[in-house]
Amino acid sequence: IPPPYLRPTWIDIDLDLVRINVQNLKKYIGDNVHLMAVVKANAYGYGIMEIARTSLSAGATWIGVATLDEALVLRREIAKHIPILVLGYVPVEHLSRASEANVTITGISLEWLQEADQAIEQPVDFHLKIDTGMNRLGCRTEDEVKKVIDIVSRNPKLRFTGAFTHFATSEDLTNRTYFLRQLSRFKQFLEIIPNRSEKLIHCSNSGATLYHDEKPFYNMVRCGKALTGPPNEPLKAFLPITLQSVISLHSVLSLVKEVEAGEKIGYADTYTTTKKQWIGTVPIGYGDGWHQNLKPTGVLVEGQRMEIVGRISMDQLMVGLDREYPVGTRVTFIGQQGNMTITGDEVASAAKIPRSEVFSAISSRVPRIYK
Ligand code: PLP
């Protein structure tokens, strides 16, 4: 573990595999479609700079983020000339910051555009968000979109350079009705967008890009999850390209002891030994993002699965061991040891949360080691 991290708890990320994933994605969507690498929230926990840089070198031509702050850091650090789109809310009072950094922002509603129309001082590029059923951001009716078109036709500082929507259920292949409804609504909205061929039109996240015969790519797709690995089964079986998992999470045994029957392990009264048992302490806890709900998949120690016992503390947790192991033995939370693997998807499924929630919650206290 490189300094300044002196605790042996870390994430390994293989950027060569990210590169191959991105190349495979790019090949799949074809030369005429831009690939936007979505790297918001520290690239879902994988590291914004490293994932953005690797994606750009492998064929991505746009970067997508959630906040203007993320965009400005990227602009400063690596993406001097690469187009960046802020997918989330930018308060109108910060329009000039976006303009100065040449960052494209999202027109999130008619009200937002009316406000921007009044406040804008320097020209700014924006993509209009159209709400086709996610009910999060976007114009909801053709009437609203027509009013936006009217505003931008009068105000040349508001440069309408793209339009997009976002799907709510693109990873649900058992019932595609809502997905198809959103796609058909999007097509209707596009009919009223002027100079469409000069704009970037996009709607597909990883799910919509990869799993639907419609291939609604238009001239850009926006992929986050797919950059860093395959989805869980049963979706994985439908992947049209190879995507490899790029991440693993490890720590070590910091203390190993045999405790008597009838002893409580950790805070509160969640686990009591029923017989003499070897217990290992591991320096990772919920302060690192390893929450109580991530317990069910356990850990790997010397290629065998062991149980996390007792309540997870802020900085440490305990595992039940089948025998004594030396202090310093590697403990794997996600990744492979021998023939055994715990995947991020397995952890996520057992915790009943999406995979992105597992990794984006792993705190900055856990160093990301890139190779
Ligand atoms: N586009 C928007 C608007 C998003 O909010 C996200 C992520 O949630 C993405 C694209 C990327 O989605 P995914 O990670 O499923 O590819």
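Residues numbered from 1 in each chain as written. Predicted model: local features only at pLDDT ≥ 70, side-chain atom pairs only at ≥ 80, totals over all residues. Heavy atoms only, no water.

## Focus on the overall build of the protein chain
- Check the secondary structure of the protein chain and you find 11 helices and 18 strands.
- Taken over the C-alpha atoms alone, the protein chain extends approximately 80 × 40 × 40 Å along its principal axes.
- For the protein chain, with 371 residues in total, the buried portion stands at 54%.
- Long-range contacts, defined as pairs at least 24 residues apart, comprise 66% of the intrachain contacts of the protein chain with a sequence gap of at least 6.
- As displayed, the protein chain offers around 16700 Å² of accessible surface, 50% of which is attributable to carbon and sulfur atoms.
- Side chains of the protein chain carry 42 positive and 40 negative charges; the gap between the two charge centres is 2 Å. (Helix = DSSP H or I, 4+ residues; strand = E, 2+ residues; numbered from the N terminus. Buried < 20%, exposed > 50% of the residue type's maximum accessible area, 1.4 Å probe, protein only. Contact = heavy atoms within 4.5 Å. Areas by Shrake-Rupley, 256 points an atom, 1.4 Å probe, with all protein chains shown as cover. Lys, Arg positive; Asp, Glu negative; His and termini not counted. Charge placed at Lys NZ, Arg CZ, Asp CG, Glu CD.)

## Digging into the site of the ligand
- Surrounding the ligand, one finds V38, K40, Y44, L87, R136, H166, N205, S206, R222, C223, G224 and K225.
- Side-chain polar atom of R136 to an oxygen atom of the ligand: 3.1 Å apart, as the coordinates give it.
- A distance of 2.8 Å separates an oxygen atom of the ligand from a polar atom in the backbone of K225.
- Isolated, the ligand exposes 400 Å² of accessible area, and the fraction of that covered by the protein chains is 91%.
- Looking at the shell around the ligand, the elements with two or more residues in it are helix 2 (40–44) and strand 9 (220–223). (Near = heavy atom within 4 Å. Polar contact = N/O pair within 3.5 Å; in protein donor to acceptor, adjacent residues only side chain to side chain.)

## Description of the packing of aromatic side chains
- Evaluation of the coordinates by the stated rule reveals 6 aromatic pairs.
- Residues F126 and F160 carry aromatic rings whose centres are separated by 5.3 Å and whose planes lie at 10° to one another, so their mutual orientation is stacked. Taken together, the positions of F126 in strand 6 (residues 124–129) and F160 in strand 7 (residues 158–164) put the pair 34 residues apart, joining distant regions of the chain.
- Residue classification places F160 among the buried residues on the basis of a relative accessible area of 11%.
- Seen in terms of ring centroids, W290 and F333 are 5.3 Å apart; in terms of plane orientation they differ by 70°. Their pairing is edge-to-face. Here W290 is found in the loop between strand 12 (277–282) and strand 13 (299–301), whereas its partner F333 is found in strand 16 (residues 330–337), with 43 residues between them in sequence. (Phe/Tyr/Trp six-rings, centres within 6.5 Å; stacked < 30°, edge-to-face > 60°.)

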